[in-house]
Amino acid sequence: MGRDRESEEAVDLACRLAADRGATITALTVLEIPMELPLSADMPEKLDDAYDLLDEAKAIGDSYGVNVQTRLIRARSFGRAIVDEAVRRNSEIIVVGADRRNIGGRTALFSDIVDFTLKHAPCRVMVAAAPPHAA
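In this report, we go over the structure that sits alongside the text. (Residues numbered from 1 in each chain as written. Predicted model: local features only at pLDDT ≥ 70, side-chain atom pairs only at ≥ 80, totals over all residues. Heavy atoms only, no water.)

### Description of the overall build of the chain
Note the following rule: For the purposes of this entry, the term helix denotes a DSSP run of H or I that reaches at least four residues, the term strand denotes a run of E that reaches at least two, and both are numbered from the N terminus. Here's how the labels work: a residue is buried when its accessible area is under 20% of the maximum for its type, exposed when over 50%, partly exposed in between, all with a 1.4 Å probe on protein chains only. Two residues form a contact once any of their heavy atoms are found within 4.5 Å. Values of accessible area rely on a 1.4 Å probe in the Shrake-Rupley scheme; residue burial ignores everything except the protein chains shown.
Broken down by element type, the chain carries four helices and six strands. What you see in the chain, going N to C, is helices and strands ordered as α-β-α-β-α-β-β-β-α-β. Looking at the chain as a whole, 34% of its 135 residues qualify as buried. For the chain, restricting intrachain contacts to residue pairs at least 6 apart in sequence, the fraction spanning at least 24 positions comes to 72%. Working note: accessible area of the chain is about 8,200 Å², and carbon and sulfur atoms make up 49% of it.

And the structure:
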């Protein structure tokens, strides 16, 4: 989960799906650690932001009556962490947010994180794109 509309949209969608099925979701955020630092590197500002994001996910879940488990992972790659966690949890579906970016005059939906997740996921992947920004 990131601090953007797309991530909020993904959590909202996951909660709606979970509410319909009486399921629990896991909201995951990744503290991406650069290769030149150890995975245990002290990054208090990023850590505080990550916990704030997970609190927001829990609040969205509460609004739907859905149990949201939160998970913070330190990793080198956000996409790899998503896939590894889905394998570890034997997930049925991954819901990821995709931004709408304009690259070279065309809209590109998939970031490297979403692309990696789609290629390597052990289960179904649902991509949630927030509505485009108003012009």
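### Focus: the nonpolar core
Applicable threshold: The nonpolar core is taken to be a set of buried Ala, Val, Leu, Ile, Met, Phe, Trp, Tyr and Cys residues, with the residues joined through side-chain atoms within 4.5 Å.
In this structure, C15, I25, V66 and V68 are the most contacted members of the largest nonpolar core, which totals 17 residues. Aside from chain neighbours lying at most four places away, what touches C15 is I25, I60, G61, Y64, V66 and V68. I73, A81, I94 and A98 belong to the second-largest nonpolar core, a separate cluster that totals 13 residues.

### A look at the packing of helix 3 (residues 78-89) against helix 4 (residues 112-120)
So the rule is basically this: Structural elements are reduced to axes, namely lines fitted to C-alpha atoms, with helices fitted over the stretch in contact, and the angle between N-to-C directions of any two is expressed from 0 to 180 degrees. Each helix crossing is assigned a hand: it is left-handed if the near helix lies turned anticlockwise from the far helix by less than a right angle, otherwise right-handed if that turn is clockwise. Residue polarity follows a fixed list, in which Ala, Val, Leu, Ile, Met, Phe, Trp, Tyr, Cys and Pro are nonpolar, Asp, Glu, Lys and Arg are charged, and the others, Gly among them, are polar.
Close contact between helix 3 and helix 4 brings their axes to 8 Å; oriented N to C, the two are set at 35°. Crossing geometry of helix 3 relative to helix 4 is assigned as right-handed. On helix 4, the residues that touch F78, G79, R80, I82 and V83 of helix 3 are I113, F116, T117 and H120. Of the residues in the contact of helix 3 with helix 4, the class split is five nonpolar, three polar and one charged.

### Notes on unusual backbone geometry
In this structure, N90 takes a positive phi of about 55° despite not being glycine. The residue N90 is located in the loop between helix 3 and strand 3 (93-98) in this model.

### Describing the pattern of salt bridges
Keep this limit in mind: Any Lys or Arg side-chain nitrogen located within 4 Å of an Asp or Glu carboxyl oxygen qualifies as a salt bridge.
One pass over the structure, following the stated rule, counts eight salt bridges. Where E92 meets R21, a salt bridge forms, and the shortest distance between an N and an O atom there is 3.1 Å. Remark: R21 occurs in helix 1 (residues 5-21) and E92 occurs in the loop between helix 3 and strand 3; sequence separation between them is 71 residues. Across the pair K119 and D115 runs a salt bridge, and its minimum N-O distance is 3.1 Å. Of this pair, K119 and D115 both sit in helix 4, four residues apart, which is roughly one turn of the helix. Take K119: its relative accessible area is 59%, and that puts it in the exposed class. The class of D115 is partly exposed, set by a relative accessible area of 31%. A cluster of three or more residues bridged by salt bridges with shared partners is formed by R71, E85, R88 and R89.

Read these as geometric descriptors, not functional statements.
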